[in-house]
Amino acid sequence: QVQLGESGGGLVQAGGSLRLSCVVSGRTFSSYRMGWFRQAPGKEREFLAAIRWSDGSTYYKDSVKGRFTISRDSAKNTVYLQMNSLKPEDTAVYYCAADPSRISLASRLFRDWGQGTQVTVSS
């Protein structure tokens, strides 16, 4: 397993931007997938994006394509989620996730999870 620590959440105006960071501790293998999810109050956890550590290939939920960008910095063992053009409906707790399986980037199955960081978008 790996340990994940999210940061970068906060309060931002609608239309603004925010970059979330997920620092990965422990061993990270080339086969790992990293993902971002969010959960709004009273809602189910929602998949947003995934990245394959080995080659940087990405996959996005259709609704966030063009607004959200997932990336990783191997030297810093950090995964990022750049969020632009934020809307009030983006308000949620955002979670980083990791999985060692060599399966599709579109998979919603992740083994390890961070504790989340709150993002609040005001009108």
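Preceding this section is the structure that the text describes.
For clarity, every value in this text was computed on a predicted model and none was experimentally measured.

Draft legend 1. How the structure looks around the pairing of strand E1 (residues 3-7). Side chains Leu4 and Glu6 project from E1 onto a buried face, and the interleaved Gln3, Gly5 and Ser7 project onto a face without burial. Relative to strand E3 (residues 18-25), E1 runs antiparallel, the two sharing five bridges. Looking at E3, one finds that glutamate 6 is bridged to cysteine 22.

Draft legend 2. Looking closely at the packing of aromatic side chains. As enumerated under the stated definition, the model contains five aromatic pairs in all. With centroids separated by 4.7 Å and ring planes inclined at 55°, the aromatic side chains of phenylalanine 37 and tryptophan 113 adopt a geometry described as tilted. Of this pair, phenylalanine 37 sits in strand E4 (residues 33-39) while tryptophan 113 is found in strand E10 (residues 112-113), placing the two residues 76 residues apart along the sequence. By relative accessible area, phenylalanine 37 is classed as buried at 4%. Both rings, one in phenylalanine 110 and one in tryptophan 113, keep their centres 6.4 Å apart while their planes meet at 70°; by these two values the pair is edge-to-face. Judged by its relative accessible area of 9%, phenylalanine 110 is buried. Positioned over the ring face of tryptophan 113 is arginine 45, at 4.8 Å from the centre of the ring.

Draft legend 3. How the structure looks around the sheet that holds E3. With antiparallel pairing, four strands are arranged side by side in an open sheet as E1-E3-E8-E7. What marks the edges here is a single partner per strand, and that holds for E1 and strand E7 (68-73). Shown here is a sheet whose adjacent strand axes are inclined to one another by a mean of 20°, direction ignored. Summarising the sheet, E7 and strand E8 (residues 78-83) pair through six bridges and their orientation is antiparallel. Residue pairing in the sheet places arginine 72 in a bridge with valine 79 of E8.

Draft legend 4. Looking closely at the pattern of salt bridges. As enumerated under the stated definition, the model contains seven salt bridges in all. In this structure, arginine 38 engages aspartate 90 in a salt bridge whose closest nitrogen and oxygen atoms are separated by 2.8 Å. Here the residue arginine 38 occupies a position in strand E4, and aspartate 90 occupies one in the loop between E8 and strand E9 (92-99), the gap between them amounting to 52 residues. The same class applies to arginine 38 as to aspartate 90, namely buried. The salt bridge partner of aspartate 62 is lysine 65, with a shortest N-O separation of 3.2 Å. With respect to class, aspartate 62 is no different from lysine 65; both count as exposed.

About the cut-offs
- Residues numbered from 1 in each chain as written.
- Predicted model: local features only at pLDDT ≥ 70, side-chain atom pairs only at ≥ 80, totals over all residues.
- Heavy atoms only, no water.
- Buried < 20%, exposed > 50% of the residue type's maximum accessible area, 1.4 Å probe, protein only.
- Helix = DSSP H or I, 4+ residues; strand = E, 2+ residues; numbered from the N terminus.
- Pairing = 2+ DSSP bridges.
- Phe/Tyr/Trp six-rings, centres within 6.5 Å; stacked < 30°, edge-to-face > 60°.
- Lys NZ or Arg CZ within 6 Å of the ring centre and 35° of its normal.
- Axes fitted to C-alpha atoms, helices over the stretch in contact; angles between N-to-C directions.
- Salt bridge = Lys/Arg side-chain N within 4 Å of Asp/Glu carboxyl O.

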